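Examining the three-dimensional arrangement
Residues per chain, in single letters:
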Amino acid sequence: MIKSIAEKRQLIDQNIIVENRPGGAGKIALSHLDRNEGNPHYLSVITYSLLSNHILGKLGATYSDYATIAMLFNEYTTVSVRADSPIKDARDLVNILKKDPSSKTIAIATSLGNHIHVGAAKPLHAAGVDISGLNIVPFKSSAESLTNLIGGHIEVMAATTPNVISQLKAGNIRVIAIASQQRLAGDLAGVPTWKESGVDSSYESAQGVMAPKGIPAAAMAYWANFFETVSKDPEWEKFVASRQWELAFQATDDASARLASAYEQTKGVLGNLGLVKA
């Protein structure tokens, strides 16, 4: 979407090449930045996996090893059950898990300790659940988690907002809580926050953009201005809203400070889960 907007609005006079480099807990994608220190023509997406994989001991590098250009939007974790589940709301789930944290299978995607796991575990911990005893089942994708939830193979699913909207609208699932500070609009307007359910907790993950360490200050300013312009584009605003994300542009120093705070918050939750390695 960013590439499309940049080309339509002629925001850049060079070709933008987008490559997907999965694998190695992010090492493969990050290797391109590592090999191009000081080169402002290489950018990478920031997700909170950059934080959690370092804390989990899967990744030697973290956000501070790169040049943070901007954070673009917040995303939120939802908790869902089948439409016919006896678990009617978040209070029901908390009461069950406080008695026996392992009594319900909870699906996440794609790995233990990621932002989805943290986004579900943080409010449960705040509610008094022993989250180290949760029965968490990782699937390869949220689509696979959703299939297993609807098929009755698991009882609870945690996923970010874009992954639940279609089946919520179809009436196949009930979204019982969302980790946002305030209730969202649109298709998720009927979903209560954890705070509305009596649990004083929220959690947002975010996505942004970074560059190799050591790029010139002028390049940092150029890219920060570029992404701020994109973030204000009506097409981008519509795209973000359609996924129930929240616009949250922050540039350079503010974005780095945000990541530093998120790192400590994530480490605290992962510590309660018994997963900290870093």
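Structure report, in brief. Remember, it's a predicted structure, so these values are computed and weren't measured experimentally.

**Topic: the side chain of lysine 104**
With respect to the secondary-structure elements, lysine 104 resides in the loop between helix 4 (90-99) and strand 3 (105-109). In terms of polar contacts, lysine 104 uses its side chain to reach the side chain of glutamate 155, at 3.1 Å. Sequence-distant contacts of lysine 104, that is, excluding residues within four places in its chain, are made with Ile87, Ile96, Leu97, Asn135, Glu155 and Val156.

**A short note on helix 8 (residues 217-231)**
Spanning 15 residues, helix 8 covers 21 Å between terminal C-alpha atoms, matching the ideal 21 Å at 1.5 Å per step. Listed in full, the buried residues belonging to helix 8 are Ala219, Met220, Trp223, Ala224, Phe226, Phe227, Val230 and Ser231. Along the long axis of helix 8, the arc covered by the buried residues comes to 160°, so they all point the same way. Away from the buried face of helix 8 by more than 90 degrees, exposed residues Ala217 and Ala218 are located. In the core, the buried residues of helix 8 are packed alongside helix 1 (2-8), strand 2 (67-82), strand 7 (204-211), helix 9 (234-242), strand 8 (246-251) and helix 10 (252-273).

**Structural notes on the pattern of salt bridges**
When their charged atoms lie close together, side chains carrying opposite charge are able to pair. Counted by the stated rule, this structure contains eleven salt bridges. Here the salt bridges share partners, and the residues they tie into one network are Lys8, Arg9, Asp233 and Glu235.

**Observations regarding the environment of lysine 3**
Checked against the element boundaries, lysine 3 lands in helix 1. Sequence separation of lysine 3 and isoleucine 17 is 14 residues, and the distance between their C-alpha atoms is 8.3 Å. Excluding residues that lie within four positions of it along the chain, lysine 3 makes contacts with Ile16 and Val18.

**Side note on the packing of helix 5 (residues 115-126) against helix 10**
For the pair helix 5 and helix 10, the least separation of the axes is 10 Å and the interaxial angle reads 70°. Between helix 5 and helix 10, the interaxial angle falls into the category roughly perpendicular. Along its contact with helix 5, which presents His117, Val118, Ala121, Lys122 and His125, the element helix 10 presents Gln265, Thr266, Val269, Leu270, Asn272 and Leu273. Of the residues that constitute the contact of helix 5 with helix 10, the class distribution is five nonpolar, five polar and one charged.

**A word on the pairing of strand 7**
Most of strand 7 sits inside the fold, with seven of its eight residues counted as buried. Bridge count between strand 1 (residues 44-46) and strand 7: three bridges; the pairing is antiparallel. Its bridge partner being in strand 7, isoleucine 46 is matched across the sheet by glycine 208. Pairing of strand 2 with strand 7 involves eight bridges; the strand directions are antiparallel. Bridge pairing in strand 7 links methionine 71 to glycine 208.

**Here's the deal with the packing of aromatic side chains**
By the definition in use, this model includes nine aromatic pairs. Both rings, one in tyrosine 63 and one in tyrosine 263, keep their centres 6.1 Å apart while their planes meet at 55°; by these two values the pair is tilted. A residue pair is termed long-range when its members are at least 10 positions apart, and tyrosine 63 in the loop between helix 3 (49-55) and strand 2 and tyrosine 263 in helix 10 qualify at 200 residues. Given the relative accessible area of 9%, tyrosine 263 is considered buried. When the ring of phenylalanine 239 is compared with that of tryptophan 245, the centres are 5.8 Å apart and the planes differ by 75°; the resulting orientation is edge-to-face. Residues phenylalanine 239 and tryptophan 245 agree in their burial class; the two are buried. A connected cluster of aromatic rings, assembled from ring pairs, spans Phe73, Trp236, Phe239 and Trp245.

**Here's the deal with the pairing of strand 4 (residues 135-139)**
Across five bridges, strand 3 lies against strand 4 in parallel orientation. The partner of threonine 105 across the bridge, within strand 4, is asparagine 135. In the classification by handedness, the crossover that spans strand 3, the intervening helix 5 and the parallel strand 4 is right-handed.

**Describing the environment of glycine 190**
Within the secondary structure, glycine 190 is located in the loop between strand 6 (173-178) and strand 7. Assessed through its relative accessible area of 61%, glycine 190 is described here as exposed.

**Examining the nonpolar core**
Nonpolar side chains in soluble globular proteins tend to end up buried together. One finds Tyr48, Leu124, Leu134 and Trp194 to be the most contacted residues of the largest nonpolar core, which totals 49 residues. With seven residues, the top contributor of residues to this core is helix 10. Contact partners of tryptophan 194, with chain neighbours within four places excluded, come to Val79, Ala90, Val94, Pro123, Leu124, Ala177, Ile178, Ala179, Val199 and Ser201.

Cut-off values and rules
- Within any chain, residue numbers begin from 1 and follow the written order of that chain's sequence.
- Reporting in this predicted model follows two pLDDT cut-offs: at least 70 for local features of residues, and 80 or more for side-chain atom pairs to be given and counted; totals over whole chains, interfaces and linings ignore these cut-offs and use all residues.
- The side-chain figures draw on all heavy atoms in the structure; neither hydrogens nor water molecules are used.
- Put simply, DSSP marks the helices as runs of H or I at least four residues long and the strands as runs of E at least two long, and each gets a number from the N terminus on.
- Polar contacts, as used here, are pairs of N or O atoms within 3.5 Å; protein pairs need one atom able to donate a hydrogen and one able to accept it. Residues neighboring in sequence count only if both atoms are side-chain atoms.
- The contact rule is simple, with two residues in contact once any of their heavy atoms fall within 4.5 Å.
- Here, expected helix span is obtained from the residue count minus one, scaled by 1.5 Å.
- Summary of the burial criterion: residues with accessible area below 20% of their type's maximum are buried, those above 50% are exposed, and those between are partly exposed, where the area comes from a 1.4 Å probe applied to protein chains only.
- An arc is given here, and it is the one of the directions from the helix axis to the C-beta atoms.
- The term salt bridge refers to a pairing of a side-chain nitrogen on Lys or Arg with a carboxyl oxygen on Asp or Glu at a separation within 4 Å.
- Angles run from 0 to 180 degrees between N-to-C directions of axes, and those axes are lines fitted to C-alpha atoms, restricted for helices to the stretch in contact.
- The scheme is simple: roughly parallel for angles under 35 degrees, roughly antiparallel for over 145, roughly perpendicular for 65 to 115, oblique for anything else.
- Any residue that is not Ala, Val, Leu, Ile, Met, Phe, Trp, Tyr, Cys, Pro, Asp, Glu, Lys or Arg is counted as polar, Gly included; the first ten are nonpolar and the last four charged.
- For two strands to pair, DSSP has to find at least two bridges joining them.
- Only centres within 6.5 Å qualify two rings of Phe, Tyr or Trp (six-membered ring in Trp) as a pair; their planes then separate them into stacked at under 30 degrees, edge-to-face at over 60, and tilted for everything else.
- Crossovers are described as right-handed under a simple rule: with the strands pointing away from the observer, the path leading from the first strand over the helix to the second runs clockwise.
- In plain words, nonpolar cores are sets of buried Ala, Val, Leu, Ile, Met, Phe, Trp, Tyr and Cys residues tied together by side-chain atoms within 4.5 Å.

Read these as layout, nothing more, since geometry by itself doesn't imply function.
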